[in-house]
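Structure assessment
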Amino acid sequence: MLNFTYHIPTIIYFGKGQVCALEEELRPRAKKVLIVTGQASAKKYNIFEDVIKQVKKAGIDYVELSGIEPNPRLKSVYKGIEICRKESVDFILPVGGGSVVDAAKTIAAGVRYDGDVWDFFVTDAKPEDVLPVGVVLTLAATGSEMNGNAVITRQDTQRKLALYTPLLRPVFSILDPEYTYTVDRYNTAAGVVDIMVHVFEQYFSRTPAADVQDRIAEALLKVCIRYGPVVYKSPENYDARANILWAGSLALNDLIGDGKEGDWASHRIEHELSAVYDISHGAGLSILTPSWMRYVLGPETVKKFVDYGVNVWGIDSGKPDMEIADEAIDKTLEFSKSLGLPTRLGDVGITDEHFESMAQRAIETYGSLGSFRELGKKDIVEIFRMSL
Ligand code: NZQ
Ligand code: ZN
């Protein structure tokens, strides 16, 4: 296990009706709040109304920014920064899924910065003075409610990039499973697969003896495999929604990643794909991750796939290693398929047209990808081809 500092200060209010915690959380922290929402869902399903009640009870002024896109755009972030400066906003409150939360965090990073907030994504510049962010989460997927990441798309250059700073970890997050009841099947399934791939990115690692992290990771995967089909078929099953929601937060809040070297190749390849094609992140991962698994599987990596196959899928440990690994990868793909997600690029109408340029951009940005197995441009193109 590697050295690490574990510090996850986000206060979590988990469960039915926890939105009532907003009043007490906001009162000492804020004078004027920017409430950030997506295209429609927060208002349509009355979550926004619940939030406004609390903000009013706390006696706090608010302004709104609505219309944040899935795969949130830089131009919406600029709009938010402008509002905050004009209105002297001192607290940002996203009400939505990961896209809304990420846009809110990036606004928080940009308000007190003299330069262009995009600098934080493409240069070594780091946010130093950010506005505090508190979250009301409505979709289980990204873990953004408990981590310091934000992923933003700049459309004119087709770049989708991530910013990380611990300063952007939300000060609190409200996680009410009932708020996720209305997420449609497609986005529910995409969220479940995103959660699983966050676990894979940290689980498939060459760092030895991180058993604590790995056994927790396996438990999170088993929760997704058990409850994913339940939330898909019965969207108002409270216990299933609750387990998926909490798994989503724990999968990407450093709990299973601290002390290990992460891989993140599937994510970086997927970000290139959704930057160009604007598909759902979870759907992109559903297509690419099994191909990544097949590509990196070899004599040096097979043991980890055996752990995955035996401990997560219950495959007979007496079978030959390669057979277990193959079966585990098949099961991973079949699981996504059973949740109605695409598993081939052709399913979402993507051809080989941009494989080279997407791979090239990934390499220009990151040098090489992955650590479980290091990937260069040719490897990335091959993973795209295997996903056709
Ligand atoms: O825009 P609205 O109307 O709110 O609709 C959204 C959107 O269409 C809808 N939705 C959300 N909550 C709902 C709901 N519909 C009904 N009822 C509700 N309660 O769901 C759709 C998808 O929402 P979005 O926020 O885009 O999904 P998700 O949470 O999966 O976020 C995806 C974004 O996060 C990034 C992805 O790349 C993508 O841009 N990621 C962020 C990470 C992070 N910050 O740590 C890590 C991830 O790996 C990921 O890259
Ligand atoms: Zn993800």
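On a predicted model such as this, the values are computed, not experimentally measured, just so you know.

**Concerning the overall build of the chain**
- From N to C terminus, the chain includes 15 helices and 8 strands.
- Relative to its length of 388 residues, the chain is compact, with a C-alpha radius of gyration of 20 Å against a globular reference of 21 Å.
- Viewed in the frame of its principal axes, the chain has a C-alpha envelope of about 65 × 45 × 45 Å.
- Classification of the 388 residues of the chain by burial places 57% in the buried group.
- Look at the contacts in the chain between residues 6 or more apart in sequence, and 78% of them connect residues 24 or more apart.

**What to know about the pairing of strand β4 (residues 91-96)**
- Within β4, 6 of the 6 residues are buried, which leaves it mostly tucked inside the rest of the structure.
- Strand direction decides the pairing type here: strand β2 (residues 32-37) and β4, joined by 5 bridges, are parallel. Pairing of T37 across the sheet is with V95, part of β4.
- For β4 and strand β5 (residues 134-137), the ladder comprises 2 bridges, and the chain directions are parallel. The partner of G96 across the bridge, within β5, is L137.

**Notes on the coordination of the zinc ion (ligand 2)**
- Around the zinc ion (ligand 2), the protein contributes the donor atoms D194 (OD), H198 (NE2), H267 (NE2) and H281 (NE2), at 2.0 to 2.2 Å from the metal centre.
- Considered as a linear motif, the donors of the zinc ion (ligand 2) on their single chain read D-x3-H-x68-H-x13-H. In this pair, H198 is assigned in helix α7 (residues 185-203) and H267 in helix α10 (residues 265-277), connecting sequence segments 69 residues apart. Of the two residues examined, H198 and H267, each falls in the buried class.

**Section: the site of ligand 1**
- The full set close to ligand 1 counts 31 residues, and A40, S41, G98, S99 and T182 are the nearest of them.
- In the environment of ligand 1, a nitrogen atom lies 2.9 Å from a nitrogen or oxygen atom belonging to the backbone of Y179.
- Burial of ligand 1 by the protein chains amounts to 90% of its free accessible area of 960 Å².
- Those elements that provide at least two residues to the shell around ligand 1 are α5 (98-110), β6 (149-154), α7 and α10.
- Considered class by class, the residues forming the shell around ligand 1 number 10 nonpolar, 18 polar and 3 charged.
- A domain-level breakdown of the shell around ligand 1 finds at least three residues from each of domain 1 (11-179) and domain 2 (184-386).

**What to know about the sheet that holds strand β8 (residues 172-175)**
- The parallel open sheet is built from 6 strands, whose spatial order is β1-β8-β5-β4-β2-β3. Single-partner strands in this sheet number two, and they are β1 (11-14) and β3 (61-65). If you compare each strand with its neighbour and ignore which way they point, the axes differ by 20° on average.
- Along the sheet, helix α4 (residues 74-87) makes contact with β2, β3 and β4, crossing β3 at roughly 160°.
- Relative to the sheet, α5 contacts β2, β3, β4 and β5, its axis offset from that of β4 by approximately 165°.

**So, the layout of surface pockets**
- Here the second largest pocket defines a volume of roughly 210 Å³.
- The wall of the second largest pocket is formed by 15 residues, among which S205, R206, T207, K303 and K304 lie closest to the centre.
- Secondary structure elements with two or more residues in the lining of the second largest pocket: α8 (211-233) and α12 (302-313).

**Considerations on the domain arrangement of the chain**
- Domain annotation for the chain reports domain 1 (11-179) and domain 2 (184-386).
- Computed over C-alpha atoms only, the centres of domain 1 and domain 2 are separated by 26 Å.
- Across the interface of domain 1 and domain 2, roughly 2,200 Å² is buried in total on both sides, 57% from carbon and sulfur atoms.
- At the surface where domain 1 touches domain 2, the tally comes to 3 salt bridges.
- When the shortest N-O distance is used, the salt bridge between E272 and R159 registers 3.1 Å.

Reading the values: rules and limits
Residues numbered from 1 in each chain as written. Chains lettered and ligands numbered in written order. Predicted model: local features only at pLDDT ≥ 70, side-chain atom pairs only at ≥ 80, totals over all residues. Heavy atoms only, no water. Helix = DSSP H or I, 4+ residues; strand = E, 2+ residues; numbered from the N terminus. Rg over C-alpha atoms; globule rule 2.2 N^0.38 Å. Buried < 20%, exposed > 50% of the residue type's maximum accessible area, 1.4 Å probe, protein only. Contact = heavy atoms within 4.5 Å. Pairing = 2+ DSSP bridges. Donors = N, O, S within 2.8 Å, 3.2 Å for Na, K, Ca; no water. Near = heavy atom within 4 Å. Polar contact = N/O pair within 3.5 Å; in protein donor to acceptor, adjacent residues only side chain to side chain. Areas by Shrake-Rupley, 256 points an atom, 1.4 Å probe, with all protein chains shown as cover. Nonpolar A, V, L, I, M, F, W, Y, C, P; charged D, E, K, R; others polar. Domains from an automatic or database assignment. Axes fitted to C-alpha atoms, helices over the stretch in contact; angles between N-to-C directions. 1 Å grid on protein atoms, 1.4 Å probe; cavity = no way out; pocket = protein on both sides within 12 Å on 5 of 7 lines; lining within 4 Å. Points joined across faces, edges and corners; volume = space filled by probe spheres on them. Buried area = accessible area lost by both parts, 1.4 Å probe. Salt bridge = Lys/Arg side-chain N within 4 Å of Asp/Glu carboxyl O.

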